[in-house]
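Secondary and tertiary structure notes
Read off the chains here:
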Amino acid sequence: MATTTLLERHEPVAPRDLEAEIRRLKSDLNAVILAHFYQDSEIQDLADFIGDSLQLSQRAARADADVIVFAGVHFMAETAKILNPTRQVLLPDLKAGCSLADSCPPHLFKPFREQYADHLVINYINCSAEIKAMSDIICTSSNAEKIINQIPPEQPIIFGPDRNLGNYLMKKTGRSLRLWQGTCIVHETFSEQKLLRLKFRHPQAKVLAHPECEERVLRNADYIGSTTGLLNYVKQSSDREFIIATEPGIIHQMEKACPEKVFIPAPSEGSCACNQCPHMRLNTLEKLYLCMKNRAPEIVMDEDLRLRALRPIQRMLEMS
Ligand code: 13P
Ligand code: SF4
């Protein structure tokens, strides 16, 4: 289980000084800053490495800095600690969770798994260490299809916690998967009606979607992939306009890589900014600075749980 230490009281630091302070602390602590594509752009710009969940876990596993500052959500920082336990792993806001991870509580998943004891358990990396410890293999959106294709066809599989990714994988692999019914609050917010209207207004635009989106959105996509998959698609494409059906934080890297292209966030139901991940956005530049200054909040794990959660992650890395 992760624990937190109360942030020390601090004098406010002017925004322009925060970046300089973070850079100074990075060198003082011998720290590396890893950031997910859904973080605010100013955090992405300070990071040593930006990536999707698979790339971030691979990068965390081989980090030789004393401190890993994880600008992402809790399960990502926890995975870094599982893979590289001798490093101190800091998360700017310990409350930065994930609705998918929350939708799969261990006390409910345990009897589900026991009910289908002959099934192999493949869980998406967006889950807690307790759920990882109950899994045979972990996967991310960039390697799930590859991993499932390596499992003998007669072997039944439980897939969790994301039912949208699970349904997408059933189509891609032709396999029947027993699905846990979890969803991501961000990716289920996109409106098909509004997307169709947007496509009508931008007939040249390609629709790119993350596989956590619902089928009604995925069926309108020209390309479906992980955050890195979407970024690579826009870099390689000769098209100039794209509608992006995932958390819009990724658009920062798309605009940096392809300043001449146009990126339009896919619209949500209602008039809210519900396509922004409220968990990812809990991390701010100020909290990044404070967590480095205070060396807290820190991810701390029970060693027995860490070892049980490590095994299926290692299997993922071997099969990726
Ligand atoms: P990626 O692995 O594609 O970056 O996905 C992470 C995530 O949380 C998507 O919601
Ligand atoms: Fe979790 Fe969804 Fe946020 Fe990704 S976008 S971290 S799946 S809540």
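Our structure's up above, just so we're on the same page.
Heads up: these notes are all about the structure in this document.

Quick notes on the rules
- Residues numbered from 1 in each chain as written.
- Chains lettered and ligands numbered in written order.
- Predicted model: local features only at pLDDT ≥ 70, side-chain atom pairs only at ≥ 80, totals over all residues.
- Heavy atoms only, no water.
- Near = heavy atom within 4 Å.
- 1 Å grid on protein atoms, 1.4 Å probe; cavity = no way out; pocket = protein on both sides within 12 Å on 5 of 7 lines; lining within 4 Å.
- Sits in = over half its atoms within 2 Å of the grid points.
- Helix = DSSP H or I, 4+ residues; strand = E, 2+ residues; numbered from the N terminus.
- Buried < 20%, exposed > 50% of the residue type's maximum accessible area, 1.4 Å probe, protein only.
- Contact = heavy atoms within 4.5 Å.
- Axes fitted to C-alpha atoms, helices over the stretch in contact; angles between N-to-C directions.
- Parallel < 35°, antiparallel > 145°, perpendicular 65-115°, else oblique.
- Nonpolar A, V, L, I, M, F, W, Y, C, P; charged D, E, K, R; others polar.
- Salt bridge = Lys/Arg side-chain N within 4 Å of Asp/Glu carboxyl O.
- Polar contact = N/O pair within 3.5 Å; in protein donor to acceptor, adjacent residues only side chain to side chain.
- Areas by Shrake-Rupley, 256 points an atom, 1.4 Å probe, with all protein chains shown as cover.
- Core = buried A, V, L, I, M, F, W, Y, C linked by side-chain atoms within 4.5 Å.
- Pairing = 2+ DSSP bridges.

Here's the deal with the site of ligand 2
In the vicinity of ligand 2 lie 13 residues, with Cys98, Asn126, Cys184, Glu212 and Cys277 positioned nearest. In this structure, ligand 2 is accommodated by the largest cavity.

What to know about the environment of Asp93
Tracing the backbone shows Asp93 in the loop between strand S4 (88-90) and helix H5 (99-102). We classify Asp93 as buried; its relative accessible area is 8%. Spatially, the C-alpha atoms of Asp93 and Lys287 are 6.8 Å apart, while their sequence positions differ by 194 residues. If we ignore the near neighbours within four places in the chain, the residues touching Asp93 are Leu282, Asn283 and Lys287.

Things to note about the packing of helix H4 (residues 74-83) against helix H15 (residues 303-319)
For any two helices packed against each other, one specifies the crossing angle of their axes together with the interaxial distance. Packing of H4 against H15 leaves a shortest axis separation of 9 Å and a crossing angle of 95°. With respect to each other, H4 and H15 are oriented roughly perpendicular. Contacts between H4 and H15 involve Thr79, Lys81, Ile82 and Leu83 on the former and, on the latter, Arg306, Ala309, Leu310, Ile313 and Leu317. When its residues are assigned to classes, the contact of H4 with H15 shows six nonpolar, one polar and two charged.

Regarding the pattern of salt bridges
Following the criterion strictly, the structure yields 16 salt bridges and no others. When the shortest N-O distance is used, the salt bridge between Arg308 and Asp304 registers 3.1 Å. A residue pair is termed a helical-turn pair when its members lie 3 or 4 positions apart in one helix, as Arg308 and Asp304 do in helix H15 at four residues. Classification of Asp304 by relative accessible area gives partly exposed; the value is 45%. Sharing partners across several salt bridges, the network here consists of Glu21, Arg24 and Asp28.

Examining the site of ligand 1
Looking at ligand 1, the residues that line it are His36, Tyr38, Asp52, Ser53, Tyr124, Asn126, Ser141, His187, His210, Glu212, Ser226 and Thr227. Interatomic distance of 3.2 Å between a side-chain N/O atom of Asn126 and an oxygen atom of ligand 1. One of the side-chain N or O atoms of Glu212 is found 3.0 Å from an oxygen atom in ligand 1. When isolated, ligand 1 has an accessible area of 300 Å², and the protein chains bury 96% of it. Residues of the shell around ligand 1, tallied by class, amount to two nonpolar, eight polar and two charged.

A look at the nonpolar core
Core analysis: the largest hydrophobic core is formed by 78 residues, its most contacted members being Phe109, Ile122 and Phe159. Setting aside its immediate chain neighbours within four residues, Phe109 contacts Cys104, Val121, Asn123, Ile131, Met134, Ile158 and Trp180.

Some details on the sheet that holds strand S7 (residues 157-160)
Ordered by their spatial adjacency, four strands build an open sheet running S6-S5-S7-S8, and the pairing between neighbours is parallel. A single partner strand is all that each edge strand has here, and the edge strands are strand S6 (137-139) and strand S8 (177-179). With direction set aside, neighbouring strand axes in the sheet form an average angle of 30°. Looking at chain direction, strand S5 (residues 120-124) and S7 are connected through four bridges and run parallel. Residue pairing for S7: Ile122 is matched across the bridge by Phe159. In this fold H15 packs onto S5 and S6, with an angle of close to 60° to the strand it touches most, S6.

Here's the deal with the pairing of strand S9 (residues 206-209)
Within a regular beta strand, the side chains point alternately toward one face of the sheet and then the other, so they alternate between its two faces. Here S9 runs beside strand S11 (residues 241-245); their pairing, made up of four bridges, is parallel. By the bridge assignment, Val207 is partnered in S11 with Ile243. In this structure, S9 lies alongside strand S10 (residues 223-224), joined through two bridges in parallel fashion. Each residue of the ladder has a partner; that of Ala209, found in S10, is Ile224.

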